[in-house]
Every structure is written in C-alpha cells, then in structure tokens.
Amino acid sequence: MDSLRYIDTTIALPIHKFISPLFALLIGAMVFNEHLTISEWAGILFGVLVPLLLINRIENNRQENLKRGLILIIISAFLSGIGAAIYKLGANLFSAVLLFAGIANILLATASLVLHKNNRSKSNTVEVKPLDSSFFKLAFIIGLIQMTAFTTLMMSFSHNGPLAVVYTITSLYIVIPIVLSIIFYNEHWNTRKVVAIVLSILAVVLMG
C-alpha cells in the first residue's frame, strides 16, 4: 500500500506480480522439492524484461519517488512469496483449513488495528484520518473478499496444488486493477507499459 503512494499501479503491480511468484518458485523448489520446467524458466526470462520496460529516466521524473516505491514493492513481493509458502505448509500440516484461514485473518485484522493505533500516536508527523462508518463498511466488504480469496487459496493447497502453480495463477488478477487505475485514476500509460503488462502476464502463465 505504501509503495502505491510513490509509484503508479501500472508499474508496481507488474513488478510485484513477477517477483513474488519468482520467490515462490524458488521456495517451492528448495522447500517442497518442486522442480522448475522449461516453460517456468522461460517465464522467468520474460519477467526479467518487465522492470527494464517500466523503469527509465522518464518514469523516474514522472513518479513521486521511484526508488522508494521500488524498494517497498520488492520487499512486499519477497514477503508475499514467503507468506504463500507458509500458507501451503499450514494447509499440509492442518486438516482444518477453514480454521487456519480464519485465525490468520483475525491476526491480520488485529495487526492492522495495532498499526492504526500506532499511526494515531504519531499524528504530529503522519496525517491519520479518523475512522467513520464508511471506513468500517468498506473494510468489512474488503475483508469478506480477502477472506474468500484466502480460503480458496488454502483449499487449493490442501488439494496438493503445487506452490509455484497455485501462487502464479492467482497473480493473474493484476490486469483488473491496472486497467481500472487507468480508467478511474487517469494513471499514465503508453506502449512500453502495455507491453510490460502483457509480458508480466505471459511470464506468470509460463511459470504456472
């Protein structure tokens, strides 16, 4: 979320959704003995081209803070890959997948409230808007969507879905927010970004 304050969605999501499946592929190979195929290696090569297309001197001037945004998105991608590996491990260890998913979401909500309280205590340096009914309604809707998505992800792992395959397939959702960000937020786009988005999707498909 913080990275999107500094760089556009059309840059952040393709990079994030290439790097995080790449981490998942490596973890799957090392931890779960999942072997990389020729198509998966081809996907990695395609994915390497994505940052090269999205990061240049022009974009550096257009973005709020390109360097800071890229650092944050890489950290997020790395942690997302590790998180996916932990989800698969949990699905393999516990038969009550729904209970595992529920506990994980409760802990996530608790952590979010702690972070919000911490931000309010630093309100002299960080602008924190007060919580109102619209916030809780939106948070509730988003929570239901994320809970459903997370639960189905856990169920796919519990049915012996390979980490690399399952996680990379879920990464295909990037097309939706990128297109919506261009339509509703008028984010900049050009041929290079369209090609980068197509390559990132192709990379994810090949790695899956």
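Sequence order as written defines residue numbering, which begins from 1 separately in each chain. Side-chain atom pairs in this predicted model are given and counted only at pLDDT of 80 or more, local residue features only at pLDDT of at least 70, and totals for whole chains, interfaces and linings cover all residues. Each side-chain value is derived from all of the structure's non-hydrogen atoms; neither hydrogens nor water enter the calculation.

(A) Layout of the overall build of the protein chain. Runs of E in the DSSP output that reach at least two residues are strands. Runs of H or I that reach at least four are helices, and both are numbered from the N terminus. From N to C terminus, the protein chain includes nine helices and zero strands. Starting at the N terminus and walking to the C terminus, you meet the elements of the protein chain as α-α-α-α-α-α-α-α-α. Taking all 208 residues of the protein chain together, 34% fall into the buried category. What makes two residues a contact is simply this: any of their non-hydrogen atoms within 4.5 Å. For the protein chain, the proportion of contacts with a sequence separation of at least 24, taken over those separated by at least 6, is 86%. Here the Shrake-Rupley method, with its probe set to 1.4 Å, supplies the accessible areas, and only the displayed protein chains count as covering residues. Total accessible area on the protein chain stands at roughly 12800 Å², and carbon and sulfur atoms take up 70% of it. Relative accessibility thresholds used throughout: buried, under 20% of the residue-type maximum; exposed, over 50%; partly exposed, between the two (1.4 Å probe, protein chains only).

(B) Fine view of the pattern of salt bridges. Put simply, a salt bridge is a Lys or Arg side-chain nitrogen that is within 4 Å of an Asp or Glu carboxyl oxygen. Counting across every chain of the model gives one salt bridge. Between aspartate 2 and arginine 5 there is a salt bridge, with the nearest N and O atoms lying 3.7 Å from each other. The class of aspartate 2 is partly exposed, set by a relative accessible area of 42%. Here arginine 5 falls in the exposed class, since its relative accessible area comes to 60%.

(C) Examining a nonpolar patch on the surface more closely. Residues forming no salt bridge and having over 30% relative accessible area are the ones grouped into patches, like charges within 9 Å of each other and nonpolar side chains (Val, Leu, Ile, Met, Phe, Trp, Tyr) within 5 Å. There is a patch of nonpolar side chains on the surface, built from Val175, Ile176, Val179, Leu180, Ile183, Phe184 and Tyr185 and spanning about 720 Å² of accessible area. With relative accessibility at 31%, the residue valine 175 sits in the partly exposed group.

(D) Structural view of the packing of helix α1 (residues 9-31) against helix α8 (residues 175-185). Where α1 contacts α8, the two axes come as close as 9 Å, and the packing angle between them is 175°. In terms of axis orientation, α1 runs roughly antiparallel to α8. In this structure, α1 uses Thr9, Thr10, Leu13 and Pro14 to contact α8, whose residues at the interface are Pro177, Ile178, Ser181 and Ile182. In this classification, the charged set is Asp, Glu, Lys and Arg, the nonpolar set is Ala, Val, Leu, Ile, Met, Phe, Trp, Tyr, Cys and Pro, and all remaining amino acids, among them Gly, are polar. Considered class by class, the residues forming the contact of α1 with α8 number five nonpolar, three polar and no charged. Fitting a line to C-alpha atoms yields each axis, with helices limited to the stretch in contact; the angle taken between N-to-C directions then spans 0 to 180 degrees. Any angle that is under 35 degrees is reported as roughly parallel, and any over 145 degrees as roughly antiparallel; angles of 65 to 115 degrees are reported as roughly perpendicular and all others as oblique.

(E) Representation of the packing of helix α6 (residues 133-158) against helix α7 (residues 163-170). Between α6 and α7, whose axes approach to 10 Å, the crossing angle comes to 155°. Considering their axes alone, α6 and α7 lie roughly antiparallel with respect to each other. Viewed along their axes, α6 and α7 form a crossing whose handedness is right-handed. The segment α6 lies against α7, with Leu153, Ser156 and Phe157 engaging Leu163, Val166 and Thr170. In this scheme the crossing of two helices becomes right-handed for a clockwise turn of the near helix relative to the far one and left-handed for an anticlockwise turn of less than a right angle.

(F) Main features of α1. The span one expects for a helix is its residue count, reduced by one, times 1.5 Å. Between the first and last C-alpha of α1 there are 32 Å, a value that for 23 residues agrees with the 33 Å anticipated at 1.5 Å per step. Burial analysis of α1 places 18 of its 23 residues in the buried class, the great majority of the element. Once α1 ends, the next one or two residues include asparagine 33, with phi positive near 55°.

(G) Structural detail: the environment of threonine 170. Counting through the fold element by element, threonine 170 comes out in helix α7. By relative accessible area, which is 36% here, threonine 170 ends up partly exposed. Along the chain, threonine 170 and alanine 149 lie 21 residues apart, while their C-alpha atoms are 9.3 Å from each other.

(H) Structural context of the packing of aromatic side chains. Here the aromatic set is Phe, Tyr and Trp, taking the six-membered ring for Trp, and pairing holds for ring centres within 6.5 Å; pairs whose planes are under 30 degrees apart are stacked, those over 60 apart are edge-to-face, and all others are tilted. One pass over the structure, following the stated rule, counts two aromatic pairs. Considering the side-chain rings of phenylalanine 23 and phenylalanine 78, the 4.9 Å spacing of their centres and the 80° angle between planes classify their relative orientation as edge-to-face. Here phenylalanine 23 is found in helix α1, whereas its partner phenylalanine 78 is found in helix α4 (residues 66-93), with 55 residues between them in sequence. Centroid distance tyrosine 87 to phenylalanine 150: 4.6 Å. Interplanar angle 75°. Geometry classified as edge-to-face.

(I) Local environment of the confidence of the model for the protein chain. Overall, the predicted model of the protein chain reaches an average pLDDT of 78, with 87% of residues at or above 70. Within the protein chain, helix α3 (residues 57-62) has the poorest average pLDDT of any element, 68, and α4 the best, 85. What pLDDT conveys is the predictor's confidence in a given residue, as a value from 0 to 100.

(J) The environment of threonine 168, seen in detail. Secondary-structure assignment places threonine 168 in helix α7. In this structure the C-alpha to C-alpha distance between threonine 168 and serine 20, which are 148 residues apart in sequence, comes to 8.5 Å.

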